[in-house]
Structure formats: structure tokens, C-alpha cells
Amino acid sequence: MSLLSPADQDKLRTAFDEMTSPVRVLFFTQTLDCETCLQARQILDELPPLSDKITIEEVNFVLDKEKAAQYGIDRVPALALAGAESDSRIRFLGAPSGYEFISLVQAVLLVGGRSTSLTPENLARVASVDKPMTMKVFTTPT
Amino acid sequence: MAFANPLITAYAVEATEFPDLARRYHVSGVPKTVVNETIEILGGLPQDLFVEQALQPPA
């Protein structure tokens, strides 16, 4: 049984239909000692049925430390979004529940080819960043 | 922003799942954005203001 209503599934399907590129959701997880990993997996499982461009790649955090390090992941559950070849540098730490699911959908759409919501001026400002930068946005599941 | 510049990585962090991170960054209300460990943006801001604050030089 899906977590999403049929109406929501349809809306998402329509939105995902506009994507032009594949999106890989790398899902970093482990079997033991991770209460929210299962919840994250259940949420992510909602996505591939809604678009053939979305794939979930599960990475065992304990067994595949190299891949976790490659994506800068040091805790689970965690997601990294990537295109066919490229890292989007968008990460989600924690199960994407509540409003974070909406953020995840928007990030997937962006990686899948939707145009940026940044204004041209802001795109130019962002383009001028010339040193590595991290942005951590803290949210809660309400 | 992360998608637009390869030097930028963005993390959406669920604070209740990772209380150690919430403590480290003194998160008492959300949303809270921490840029490069030093710049803090509380709440949701209009895009222009958010980008401006995120890109300000370190204090």
C-alpha cells in the first residue's frame, strides 16, 4: 500500500514526466542500528513507480565505506542525488518525511532537467563562488 | 545553489534524527541554514536575501 494517495501519485507522475534526464537516488543505509533507515526506504520506494527516469541505488554504509566517503556521507540514512554521470551535490540526511519529501521531489525534478528557480542575478552570484562551500539546512518532519 | 555551482554542496538535515548535529550547530528553531560552518540564516528568506546572506564574506 502506497504512502501517497492516488491523487498525489498522479500529480507526481505528471511532474516527473517532464524530466529529460535520469536521476539516481543513492540511498546510504545499514541493516542494524538505524531506526529511520526503514522509514527512508519506504518513502523512497514510492518514487520509481512514478517515473522510469528515477532509480534508487542502495549503498550499504557499513560494507561500502568507499562509496560513502566519495559522496561525503558519514551517517545514515542519507541520500545523494546524481544524474547519469554527475553528482548534483544535493544531500539529504535523515528520512525524507513530511515537508522534506516535497524538497526531495523538487530536488529530483531539478536534477531531472527542470529549470532552476534561481533568478539570473542569483545564478550569476552563485557562479562567482570560487571556493568550496557547504550549506546545511536543518528542518524537522512536521 | 548546489546544483548551479560544482563547488557548492547542500545538505538537508533532519534535526530530530541527528541531535548531535542539531546541538553542534545550536539548532533551536527550523529552518536554520548554516553556511560553511559560520554563517547562520534563521527561518525562510526570500531568494535574493537568502543568496546574499549565504554568500557574504565570513565575519
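A quick note: this is a predicted structure, and the numbers were derived from the prediction, not measured.

Caption draft 1: Just the environment of Thr-36 of chain A, in detail. Summarising the element assignment, Thr-36 of chain A is placed in the loop between strand S1 (23-29) and helix H2 (37-44). Separated by 59 residues in the primary sequence, Thr-36 of chain A and Ala-95 of chain A have C-alpha atoms spaced 6.1 Å apart. The contacts of Thr-36 of chain A, once residues within four sequence positions are left out, are Pro-77, Gly-94 and Ala-95 of chain A together with Glu-17 of chain B.

Caption draft 2: Quick look at the interface of chain B and chain A. Facing the 33 residues of chain B at the interface are 35 residues of chain A. If you list the elements that add at least two residues to the side of chain B that touches chain A, you get strand S1 (8-14), strand S2 (32-35) and helix H2 (47-54) of chain B. The element that contributes the greatest number of residues to the side of chain B that touches chain A is S1 of chain B, accounting for seven residues. Here the residues of the side of chain B that touches chain A are counted per class, giving 23 nonpolar, six polar and four charged. Two elements, strand S5 (residues 133-139) of chain A and S1 of chain B, share seven bridges in a ladder whose sense is parallel. Bridge pairing links Met-135 of chain A to Ala-10 of chain B in S1 of chain B.

Caption draft 3: Highlighting the pairing of strand S4 (residues 87-93) of chain A. For S4 of chain A, the tally of buried residues reaches six of seven residues, placing the bulk of the element in the interior. In this sheet, S4 of chain A lies alongside strand S3 (residues 78-82) of chain A in antiparallel orientation, the contact comprising five bridges. Bridge pairing links Leu-81 of chain A to Ile-90 of chain A in S4 of chain A. Hairpin connection between S3 of chain A and S4 of chain A: a loop of four residues separates the two successive antiparallel strands. Bridging between S4 of chain A and S1 of chain B involves four bridges; their strand directions are parallel. The partner of Leu-93 of chain A across the bridge, within S1 of chain B, is Val-13 of chain B.

Caption draft 4: Seen up close, the environment of Val-111 of chain A. With respect to the element layout, Val-111 of chain A can be found in helix H4 (residues 99-111). A C-alpha to C-alpha distance of 6.3 Å links Val-111 of chain A and Val-23 of chain A, two positions 88 residues apart in sequence. With sequence-adjacent residues up to four places away left out, Val-111 of chain A is seen in contact with Val-23, Leu-81, Gly-83 and Ser-88 of chain A together with Phe-3 of chain B.

The rules behind these values
Along each chain, numbering runs from 1 in the same order as the chain's sequence is written. Chains carry letters from A onward and ligands carry numbers from 1 onward, assigned in written order. Confidence filtering applies because this is a predicted model: local features only for residues at pLDDT of at least 70, side-chain atom pairs given and counted only at 80 or more, and all residues used for totals across whole chains, interfaces and linings. Helix and strand labels come from DSSP, where a helix needs a run of H or I of at least four residues and a strand needs a run of E of at least two; each type is numbered from the N terminus. Residues are defined as contacting one another if the C-beta atoms placed from their backbone atoms lie within 7 Å. All amino acids are sorted into three groups, where Ala, Val, Leu, Ile, Met, Phe, Trp, Tyr, Cys and Pro are nonpolar, Asp, Glu, Lys and Arg are charged, and the leftover types, Gly among them, are polar. Pairs of strands are assigned from DSSP output, requiring at least two bridges between the strands. The exposure label follows from counting other C-beta atoms within 10 Å of a residue's C-beta, where the C-beta atoms are placed from the backbone and the thresholds are 20 or more for buried and 12 or fewer for exposed, leaving partly exposed in between.

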